[in-house]
Amino acid sequence: TLEAPIKDKPSGGFYNKIRKFLDRNSLDIVQEEVVKKGKEFDFVVNVKTSLGVLRYYLKSKDKKSINEADLSLAVSEGKHKKLPIVFLSNGRLTKKAQEFLNSRLRNQLLFKKV
């Protein structure tokens, strides 16, 4: 008998880096979505803290430089989900994006490099 094909689980260098980051930081995946195959993934994660379990929207992007538009999009998606936002990338923030993060997005978005 033929078995139904198993839906492809994301893999690849960037996805594996993100999964290692999540494991290393004890973040439990509640939901995950492939936005752009191999390049962009969205997660909803639970973070265990001394205050209890906190839920975050986590946007990850494989991109050399992250600009204001990338951050703004993540913030609007996080607000839509009514969750605080973590942005993971292997790239760096542009100077304008860094200023935007420090001034306008303070306490709204946490940027982490993987």
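Refer to the structure printed above.
Residues numbered from 1 in each chain as written. Predicted model: local features only at pLDDT ≥ 70, side-chain atom pairs only at ≥ 80, totals over all residues. Heavy atoms only, no water.

The next subject is the packing of aromatic side chains. In the structure shown here, the tally under the stated rule is 4 aromatic pairs. With a centroid separation of 6.3 Å and an interplanar angle of 20°, the aromatic rings of Phe14 and Phe41 are classed as stacked. Separated by 27 residues along the polypeptide, Phe14 in helix H1 (residues 13-24) and Phe41 in strand E2 (residues 40-49) bring together distant segments of the chain. Here the two residues Phe14 and Phe41 agree in accessibility, since each one is buried. An aromatic cluster of at least three residues, connected via ring pairs, comprises Phe14, Tyr15, Phe41 and Phe43. (Phe/Tyr/Trp six-rings, centres within 6.5 Å; stacked < 30°, edge-to-face > 60°. Helix = DSSP H or I, 4+ residues; strand = E, 2+ residues; numbered from the N terminus. Buried < 20%, exposed > 50% of the residue type's maximum accessible area, 1.4 Å probe, protein only.)

The next subject is the pattern of salt bridges. Tallied over the full model, the rule gives 9 salt bridges. Of the charged contacts, one joins Glu77 and Lys59 as a salt bridge, the two residues approaching to 3.1 Å between their closest N and O atoms. With a gap of 18 residues between them, Glu77 in helix H2 (residues 68-80) and Lys59 in strand E3 (residues 52-61) connect regions that are remote in the sequence. Look at the salt bridges and you will find they share partners, linking Glu40, Asp42, Lys59, Lys61, Lys63, Asp70 and Glu77 into a network. (Salt bridge = Lys/Arg side-chain N within 4 Å of Asp/Glu carboxyl O.)

Bringing the side chain of Glu40 into the picture now. By secondary structure assignment, the location of Glu40 is in strand E2. The exposure class of Glu40 is buried, given its relative accessible area of 7%. Excluding anything up to four places from it in sequence, Glu40 contacts Glu33, Val34, Val35, Lys59, Ser60 and Lys61. (Contact = heavy atoms within 4.5 Å.)

Here we take up H1. The first and last C-alpha atoms of H1 sit 16 Å apart over 12 residues, in line with the 16 Å expected at 1.5 Å per residue. Every buried residue of H1 is listed here: Phe14, Tyr15, Ile18, Phe21 and Leu22. The arc that holds every buried residue of H1, seen down its axis, measures 120°, which confines them to one face. Opposite the buried face of H1, at more than 90 degrees from it, the exposed residues are Gly13, Lys20, Asp23 and Arg24. Check the buried side of H1 and you find it contacts strand E1 (27-36), E2, E3, strand E5 (85-89) and strand E7 (109-113). Ser26 lies just past H1 and shows a positive phi near 50°. (Expected span 1.5 Å × (residues − 1). Arc of directions from axis to C-beta.)

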